[in-house]
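The primary structure of each chain is shown beneath.
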Amino acid sequence: MSGGEMNQANFADTSMKGLDLSSSSFNNIIVSFDQLKGCVTSLEQAMGFARALGQ
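Conventions and cut-offs
Residues numbered from 1 in each chain as written. Predicted model: local features only at pLDDT ≥ 70, side-chain atom pairs only at ≥ 80, totals over all residues. Heavy atoms only, no water. Core = buried A, V, L, I, M, F, W, Y, C linked by side-chain atoms within 4.5 Å. Buried < 20%, exposed > 50% of the residue type's maximum accessible area, 1.4 Å probe, protein only. Helix = DSSP H or I, 4+ residues; strand = E, 2+ residues; numbered from the N terminus. Contact = heavy atoms within 4.5 Å.

Asker: How should I be thinking about the nonpolar core in this particular structure?
Answerer: Nonpolar side chains in soluble globular proteins tend to be buried together. Ranked by size, the top nonpolar core spans 11 residues in total: M6, A9, F11, M16, L19, L21, I29, V31, L36, C39 and F49. For this core, the secondary structure elements donating two or more residues are β2 (9–11) and β4 (29–31). Setting aside anything within four residues of it in sequence, one finds V31 in contact with F11, A12, M16, L36 and F49.

So this is what it looks like as structure tokens:
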């Protein structure tokens, strides 16, 4: 997956290994944090995931 806009994407219980989200944008994404290992993100996306982990 590269580029593009994803709204209301649901990756719950899905392995994100090898997925490159770095050039994608999304307003709302559902992920299983334990499945994010190996996913490529932009710095801004990584910071958003880190903020979500703190909530």
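Asker: Sorry if this is basic, but what is going on with the environment of L36 here?
Answerer: By the secondary structure assignment, L36 is in the loop between β4 and α1 (43–53). Apart from residues lying up to four places away in sequence, L36 is in contact with M16, V31 and F49.

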